[in-house]
Amino acid sequence: MLVPSSFDPKSIQKPHLVTIGYSHYCELSRWALEHAGIDFEEIQYIPGYHGKFVGQLRRNKSDRSQSSYVGQESGVHGGRRKYAVPLVCLPGGRVLKDSWEVLEYALGETDQEWKTLFDQELGVSVRQLGYHYLLAPESKHLLNRMISSSSVYERILWLFINGKVIAGIQQLLAITPENVERSKETVRRIFESVGAAVTERGGTLSSDGSFGAMDIAFCSLAAYCVMPDNFGNGAVKMPGIDDFTPSFQTFIRECRETVAGQYIMNTYDQRRTAVI
């Protein structure tokens, strides 16, 4: 693909999911649509360039994301919600504003208590951890690999803008050693709570014992902490655990040994496929 994909939201015949391919919030939306058997087209952009197109799709303030956004970690105002991904454009003009609207559109009502915990604590902490390790000097080549399926134009552009984009991400996410340790503690606390719930409910987060929306939400948003196979279901090339620094490998192995971590690994192994 030579140039970035684009589309006219007024003329589409099926849902269009707009993403940064490796994002855990985008994975949540992708998995929800696939699990529901909804035919859709995914439009991926590299970080930084995505804002140009996403901002156009979110011209109306009513279409701005209501979810966690890059920058809330450092106290940046919510105007950045205009550039947040994912979003889904539906035939007829409706916009699903964020991961949670997509999840509810695909799979029905979500548990509000879990939703708040996952969106405002787990997802934010994992985002900070993930970028901390991805943007480390010895690991940032991994990000180049993760965007390798983007258009030729974007890959060339990335050569010129990656330094500025990376510095901006680090500032927006308030990535410091102290904040990274706090994020690890948040992940550990939430993994403990989820592990207890999964054990009590017979292997699921749903009160009725079925595999559902909150299972997909948790496994997607926590995936970077265990690095399961098949993240993205073929939509993105992800690094393996051995590609990361020893310190992140240690944390991943710690998470994998928990009940919640095993649940994520097993769920990706057994359920991360589209429903035919």
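Nothing here was measured: the structure is a model prediction, and the numbers come from that model. (Residues numbered from 1 in each chain as written. Predicted model: local features only at pLDDT ≥ 70, side-chain atom pairs only at ≥ 80, totals over all residues. Heavy atoms only, no water.)

Turning next to the packing of helix 7 (residues 177-200) against helix 10 (residues 259-271). Across the interface, helix 7 lies against helix 10 with an axial gap of 7 Å and an inter-helix angle of 70°. Compared by their axis directions, helix 7 and helix 10 come out roughly perpendicular. Where helix 7 abuts helix 10, its residues Phe 191, Val 194, Gly 195, Val 198 and Thr 199 lie against Val 259, Ala 260, Gly 261, Tyr 263 and Ile 264. Here the residues of the contact of helix 7 with helix 10 sort into seven nonpolar, three polar and no charged. (Axes fitted to C-alpha atoms, helices over the stretch in contact; angles between N-to-C directions. Helix = DSSP H or I, 4+ residues; strand = E, 2+ residues; numbered from the N terminus. Parallel < 35°, antiparallel > 145°, perpendicular 65-115°, else oblique. Contact = heavy atoms within 4.5 Å. Nonpolar A, V, L, I, M, F, W, Y, C, P; charged D, E, K, R; others polar.)

The next point concerns helix 1 (residues 24-35). In a regular helix each residue adds 1.5 Å, so twelve residues correspond to 16 Å; helix 1 covers 16 Å between its end C-alpha atoms and thus fits that length. Of the positions making up helix 1, those classed as buried are His 24, Tyr 25, Cys 26, Glu 27, Leu 28, Ser 29, Arg 30, Trp 31, Ala 32, Leu 33 and Glu 34. Where helix 1 starts, the residue carrying a side-chain oxygen 3.2 Å from the main-chain nitrogen of Tyr 25 turns out to be Ser 23. Gly 37 occupies a position one or two residues after helix 1 and carries a positive phi of about 75°. (Expected span 1.5 Å × (residues − 1). Buried < 20%, exposed > 50% of the residue type's maximum accessible area, 1.4 Å probe, protein only. Polar contact = N/O pair within 3.5 Å; in protein donor to acceptor, adjacent residues only side chain to side chain.)

With that out of the way, let us pick up the pattern of salt bridges. Counting across every chain of the model gives 14 salt bridges. The closest approach of N and O atoms between Glu 27 and Arg 30, which form a salt bridge, is 2.8 Å. Placement of the pair is Glu 27 and Arg 30 together in helix 1, with a separation of three residues, close to one helical turn. An identical accessibility class is assigned to Glu 27 and Arg 30; each is buried. We note a salt bridge from Glu 121 to Arg 189, for which the minimum N-O separation is 2.5 Å. A residue pair is termed long-range when its members are at least 10 positions apart, and Glu 121 in helix 4 (residues 112-134) and Arg 189 in helix 7 qualify at 68 residues. On the basis of relative accessible area, Arg 189 is assigned to the partly exposed category, the value being 41%. (Salt bridge = Lys/Arg side-chain N within 4 Å of Asp/Glu carboxyl O.)

Next up on the list: the environment of Ile 38. Counting through the fold element by element, Ile 38 comes out in the loop between helix 1 and strand 2 (41-44). Residues Ile 38 and Lys 14, 24 residues apart in the sequence, show an inter-C-alpha distance of 9.1 Å. Look past the residues within four positions of Ile 38 in its chain and what remains in contact with it is Pro 15, Leu 33, Tyr 105 and Ala 106.

Here we take up the sheet that holds strand 2. Read across the open sheet, the four strands follow the order 2-1-3-4; overall the sheet is mixed. At either end of the open sheet lies a strand with only one pairing partner, and these are strand 2 and strand 4 (95-96). In the sheet, strand 1 (residues 16-19) pairs with strand 2 via four bridges, with the strands oriented parallel. Of the residues in strand 2, the one forming a bridge with Leu 17 is Glu 42. (Pairing = 2+ DSSP bridges.)

Across soluble globular proteins, you tend to see nonpolar side chains buried next to one another. Among the nonpolar cores identified, the biggest contains 86 residues, and Tyr 22, Phe 118, Phe 191 and Phe 218 are the most heavily contacted of them. Ranked by the residues each element gives to this core, the list is headed by helix 4, at ten residues. Contact partners of Phe 118, with chain neighbours within four places excluded, come to Tyr 25, Trp 100, Gly 123, Ile 190, Val 194, Leu 205, Met 214, Ala 217, Phe 218 and Leu 221. (Core = buried A, V, L, I, M, F, W, Y, C linked by side-chain atoms within 4.5 Å.)

Turning to the packing of helix 1 against helix 8 (residues 213-222), a few remarks are in order. Running from N to C, helix 1 and helix 8 cross one another at 145°; their axes reach a closest spacing of 8 Å. Considering the relative orientation of helix 1 and helix 8, their crossing is right-handed. Residues His 24, Tyr 25, Glu 27, Leu 28, Trp 31, Ala 32 and His 35 of helix 1 form the contact with helix 8, whose own contacting residues are Ile 216, Ala 217, Cys 219, Ser 220 and Leu 221. Its residues assigned to classes, the contact of helix 1 with helix 8 comprises eight nonpolar, three polar and one charged. (Left-handed = near helix turned anticlockwise from the far one by under 90°.)

So, on to the packing of aromatic side chains. A complete count under the given rule lists 14 aromatic pairs for this structure. Here Tyr 49 and Tyr 153 contribute two aromatic rings whose centre-to-centre distance is 5.9 Å and whose plane-to-plane angle is 65°, an arrangement assigned as edge-to-face. Taken as a pair, Tyr 49 in the loop between strand 2 and helix 2 (50-57) and Tyr 153 in helix 6 (residues 152-172) lie far apart in primary sequence, 104 residues in all. Overall, the relative accessible area of 18% leaves Tyr 49 in the buried class. Since its relative accessible area comes to 42%, Tyr 153 is described here as partly exposed. Ring centres of Tyr 224 and Phe 231 lie 5.7 Å apart, and the angle between their planes is 75°; on these two criteria the pair is classed as edge-to-face. For Tyr 224, a relative accessible area of 7% gives the class buried. We classify Phe 231 as buried; its relative accessible area is 5%. An aromatic cluster is present here, built from Phe 7, Tyr 45, Tyr 49, Phe 53 and Tyr 153 joined pairwise through their rings. (Phe/Tyr/Trp six-rings, centres within 6.5 Å; stacked < 30°, edge-to-face > 60°.)

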